[in-house]
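Spelled out, the chains give:
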Amino acid sequence: MAIDFDGANSKLEHTTASGFDVATYTIAAWALADNSGEGFSRIFALDELANAAILAHFVTPANTWFFTQRFSVADGNWSFAAADGAWHAVAISYDRSSTTNDPTVRVDFAPVTVTEDATPNGTATSPTTGYCVGNQSDQIRTWDGAIAHVQFFDVILTAQEMDQALRRPGSIRRGLVLWLPMYNSAELQDWSGSVLNGTGTALATRDSPPCQAPWSGKAGAITA
């Protein structure tokens, strides 16, 4: 199962979570968009008010998602295709230390073309403490659809690691800061070991994405 966000005021957040202020990082999540939601609707935001990094859905065009890293002068923004109405395994790695860097994006276990819609300028903005899934803290960017297995790593994962983190959530532990399986509207625990459990608002339960059972981490890594 997964958590369903209502496109109006749902959110899952932790306002004091730490460990996200790193130069290199990877975000991975399963997400299904019913539509564009509440306008630039969030899958994952750092911090809880989206002051640093954002994975989200464009208002227009449809079937387009985007990644933003905020900078002191001008934010960097990159978009990529992901069709509405279907589950997608999305992984993004990024090095915010230079404005010339572009993110690496994989959708459904394959590299995708990324369009730079806005070139970053200045220095990367560090998040304060906190994260928000399916929205931002002020509830004006609500996701309409389902989200599961949100993961944050404080390293740049390889393509194989990104795929494995989504095929078998929990199997990649290198750099793992946050893992929210989100099996149902009451399952808000962080399984990474960081104990950054979320607090939910107006959440519901929905069918799960097409991934394998979670990895316990007790029997070593897999390569499939």
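Refer to the structure above for everything that follows.
1. Observations regarding the overall build of the protein
Check the secondary structure of the protein and you find one helix and 15 strands. For the protein, the spread of C-alpha atoms along the principal axes amounts to about 45 × 35 × 35 Å. Across the 224 residues of the protein, 51% fall into the buried class. For the protein, the share of sequence-separated contacts (at least 6 apart) that also reach a separation of at least 24 residues comes to 68%. Taken as a whole, the protein presents about 8,500 Å² of accessible surface, with 50% of it coming from carbon and sulfur. Across the protein, the mean location of the 12 positive side-chain charges is 6 Å away from that of the 23 negative side-chain charges.

2. Examining the pattern of salt bridges
Scanning the entire structure with this criterion turns up seven salt bridges. Between Arg-96 and Asp-21 there is a salt bridge, and its shortest N-O distance comes to 2.6 Å. Linking Arg-96 in the loop between β8 (87–95) and β9 (104–107) with Asp-21 in the loop between β2 (11–14) and β3 (24–33), this pair joins segments that are 75 residues apart in sequence. Under the relative-accessibility criterion, Arg-96 is labelled buried at 12%. According to the relative accessible area criterion, Asp-21 is partly exposed, its value standing at 44%. Each of Asp-4, Asp-34 and Arg-206 takes part in one network of salt bridges that share partners.

3. Here we look at helix α1 (residues 159–167)
Among all positions of α1, only Glu-161, Met-162, Asp-163, Gln-164, Ala-165 and Leu-166 are buried. Packing partners of the buried residues in α1 comprise β3, β8, β9 and β12 (144–153).

4. Notes on unusual backbone geometry
With an omega of -15 degrees, the peptide bond running from Leu-46 to Asp-47 counts as cis. Note that the residue after Thr-60, namely Pro-61, is joined by a cis bond; omega there is 0 degrees. Its place among the elements puts Pro-61 in the loop between β5 (53–57) and β6 (64–69). In this structure, Asn-63 is a non-glycine residue whose phi angle is positive, near 60 degrees. Structurally, Asn-63 is set in the loop between β5 and β6. Its identity as a non-glycine residue notwithstanding, Asp-108 has a phi of 55 degrees, on the positive side. Structurally, the position occupied by Asp-108 is in the loop between β9 and β10 (115–118).

5. With respect to empty space enclosed by the protein
Across all of its chains, the model carries one cavity of 30 Å³ or more by this definition. Lining the largest cavity, in full, are Phe-20, Tyr-25, Leu-46, Ala-52, Ala-53, Gln-69, Arg-96 and Pro-127. Split into classes, the residues belonging to the lining of the largest cavity amount to six nonpolar, one polar and one charged.

6. Considering the side chain of Glu-161
If you trace the backbone, Glu-161 turns up in helix α1. If sequence neighbours within four positions are ignored, Glu-161 has contacts with Ile-172 and Arg-174.

7. Thoughts on the nonpolar core
Considering soluble globular proteins, one finds that nonpolar side chains tend to be buried as a cluster. In terms of nonpolar packing, the biggest core is built from 40 residues, with Phe-44, Tyr-131, Val-133 and Phe-152 touching the most fellow members. With five residues, the top contributor of residues to this core is β3.

8. A look at the sheet that holds strand β4 (residues 42–46)
The strand order β10-β7-β6-β5-β4-β11-β2-β14 describes an open sheet built from eight strands, whose pairing is antiparallel. Looking at the sheet topology across the chains shown, the edges are occupied by β10 and β14 (199–201). The average angle at which neighbouring strand axes cross in this sheet is 20 degrees, direction not considered.

What counts and what doesn't
- Residues numbered from 1 in each chain as written.
- Predicted model: local features only at pLDDT ≥ 70, side-chain atom pairs only at ≥ 80, totals over all residues.
- Heavy atoms only, no water.
- Helix = DSSP H or I, 4+ residues; strand = E, 2+ residues; numbered from the N terminus.
- Buried < 20%, exposed > 50% of the residue type's maximum accessible area, 1.4 Å probe, protein only.
- Contact = heavy atoms within 4.5 Å.
- Areas by Shrake-Rupley, 256 points an atom, 1.4 Å probe, with all protein chains shown as cover.
- Lys, Arg positive; Asp, Glu negative; His and termini not counted.
- Charge placed at Lys NZ, Arg CZ, Asp CG, Glu CD.
- Salt bridge = Lys/Arg side-chain N within 4 Å of Asp/Glu carboxyl O.
- 1 Å grid on protein atoms, 1.4 Å probe; cavity = no way out; pocket = protein on both sides within 12 Å on 5 of 7 lines; lining within 4 Å.
- Points joined across faces, edges and corners; volume = space filled by probe spheres on them.
- Nonpolar A, V, L, I, M, F, W, Y, C, P; charged D, E, K, R; others polar.
- Core = buried A, V, L, I, M, F, W, Y, C linked by side-chain atoms within 4.5 Å.
- Pairing = 2+ DSSP bridges.
- Axes fitted to C-alpha atoms, helices over the stretch in contact; angles between N-to-C directions.

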